[in-house]
Amino acid sequence: MSDVIVARSLDEARSALADRPEATVLAGGTDLMVEINRGWRRPRHVVGVAQVPELGQWSTAADRVIVGSGVTYTEMMTGPLADAAPALAQAARTVGSPPIRNAGTLGGNLATASPAGDTLPVLAALNARIVVAGPGGERRLGLDELMVGVKQTSLRPGELIVRAELDRPPGRQEFLKIGPRNAMVISIASVALVADHDARSVRCALGAVAPGIPRTNDAERWAADRIDWDGDTPLDPAVADEFGRRVAAASAPIDDHRASAAYRRHAVGVLAGRALRRAFNGSSPDTDTEVS
């Protein structure tokens, strides 16, 4: 039998975790409850944070977006938050079913630390800083500092994820994902791409094709040097194709029951080229949906 504490403020959550540093934090429970029901986890202490109002808050400014760890996928999908972080909204729309999106949270996706987590490539492409709080105060971590392995984080005993602080660069954002069907599916491969017109840079991060969430720095620089940032010259299709090949080369997928490594590598390259075309040529998300 687990000892369950329901925190109703951030101070209550931090206090409960200070007293029980080995406790499991429960937000939406969409991942944790599956593991408990299958017998994979048997937490002795649980601290519920779904009723902590501070974690469910978000805000936007001209140059950044702050998203509390308790913000649900449904909240990310529409309104001013979706306008400020459109790739985050695109990723949230691909998650599960409406009940899962109503319950699942950004913090849960981060804490689960699965390479297939749909919001994680977006956070990486937006240079997210993840704020965690614990007995030693707050820490700000890059996604690669928080996620240190497959379903492994650097969270210390008694710490919880409070919020993510994202860049808000001028330019289009894209999130693309492929799975064996169109809904309620774990990613076989995913790509988040951000065009930063002020910095004249392209940022691209990959999901489900490596142990973590890699950025494709060499491919990003290569593409940025071949984009007409000042004019209206359309993106050369050959640039998008080569960018996709370079992104694919930066991936490190595995074979498993959902897809082969070769297919994942091919898929992520196709998605990356497609995302670059959409970002600079304005392609509609409905015009090209197959990976071939």
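Residues numbered from 1 in each chain as written. Predicted model: local features only at pLDDT ≥ 70, side-chain atom pairs only at ≥ 80, totals over all residues. Heavy atoms only, no water.

To continue, consider the layout of surface pockets. The space that makes up the largest pocket amounts to roughly 1,200 Å³. Lining the largest pocket are 37 residues, and of these Asp31, Ser114, Ala116, Lys151 and Ile186 sit closest to its centre. Contributing elements (two or more residues each) for the lining of the largest pocket: helix H2 (32-37) and helix H7 (106-112). The residue inventory of the lining of the largest pocket, partitioned by class, reads 19 nonpolar, 8 polar and 10 charged. Here the second largest pocket is characterised by a volume of approximately 830 Å³. Around the second largest pocket, the lining comprises 37 residues; the ones closest to its centre are Thr24, Val25, Arg41, Ala111 and Thr112. Residue contributions to the lining of the second largest pocket peak at 5 residues, all from H7. (1 Å grid on protein atoms, 1.4 Å probe; cavity = no way out; pocket = protein on both sides within 12 Å on 5 of 7 lines; lining within 4 Å. Points joined across faces, edges and corners; volume = space filled by probe spheres on them. Helix = DSSP H or I, 4+ residues; strand = E, 2+ residues; numbered from the N terminus. Nonpolar A, V, L, I, M, F, W, Y, C, P; charged D, E, K, R; others polar.)

Attention now moves to the pairing of strand S11 (residues 173-178). With respect to burial, S11 is a largely interior element, 6 of its 6 residues being buried. A two-sided burial pattern is seen for S11, the buried positions comprising Gln173, Phe175 and Lys177 on one face and Glu174, Leu176 and Ile178 on the other. Two elements, S11 and strand S12 (residues 189-196), share 6 bridges in a ladder whose sense is antiparallel. Paired with Lys177 across the bridge in S12 is Ser190. (Buried < 20%, exposed > 50% of the residue type's maximum accessible area, 1.4 Å probe, protein only. Pairing = 2+ DSSP bridges.)

With that settled, the discussion passes to the pairing of strand S13 (residues 201-207). Burial runs high along S13: 6 of the 7 residues are buried. Note that S12 and S13 share 7 bridges and pair antiparallel. Along S13, the bridge assignment pairs Val191 with Leu206.

Attention now moves to the confidence of the model for the protein. Residues at a pLDDT of 70 or more form 95% of the protein, whose mean pLDDT is 93. Counted against residues more than four places away or in other chains, residues 284-290, with its pLDDT under 50, gives 7 contacts. (pLDDT = per-residue confidence, 0-100. Contact = heavy atoms within 4.5 Å.)

A few words now on the sheet that holds strand S3 (residues 45-48). The pairing of strands in a sheet comes from backbone hydrogen bonds and takes either a parallel or an antiparallel form. What the 3 strands build is an open sheet, ordered S1-S3-S2; its pairing is parallel. Whereas interior strands pair on both sides, the edge strands pair on one side only; in this sheet they are strand S1 (3-6) and strand S2 (24-26). Each neighbouring strand pair of the sheet contributes to a mean axis angle of 25°, computed without reference to strand direction. Relative to S3, S2 runs parallel, the two sharing 3 bridges. The residue of S3 that forms the bridge with Val25 is Val47. (Axes fitted to C-alpha atoms, helices over the stretch in contact; angles between N-to-C directions.)

This brings us to the pattern of salt bridges. On inspection of all chains with the given rule, the structure shows 18 salt bridges. The closest approach of N and O atoms between Glu165 and Arg163, which form a salt bridge, is 3.1 Å. Overall, Glu165 belongs to the buried group, its relative accessible area being 12%. With its nearest N and O atoms 2.8 Å apart, the salt bridge here joins Glu220 to Arg215. Judged by its relative accessible area of 6%, Glu220 falls in the buried class. What you see here is one network of salt bridges that share partners, running through Glu138, Arg140, Arg163 and Glu165. (Salt bridge = Lys/Arg side-chain N within 4 Å of Asp/Glu carboxyl O.)

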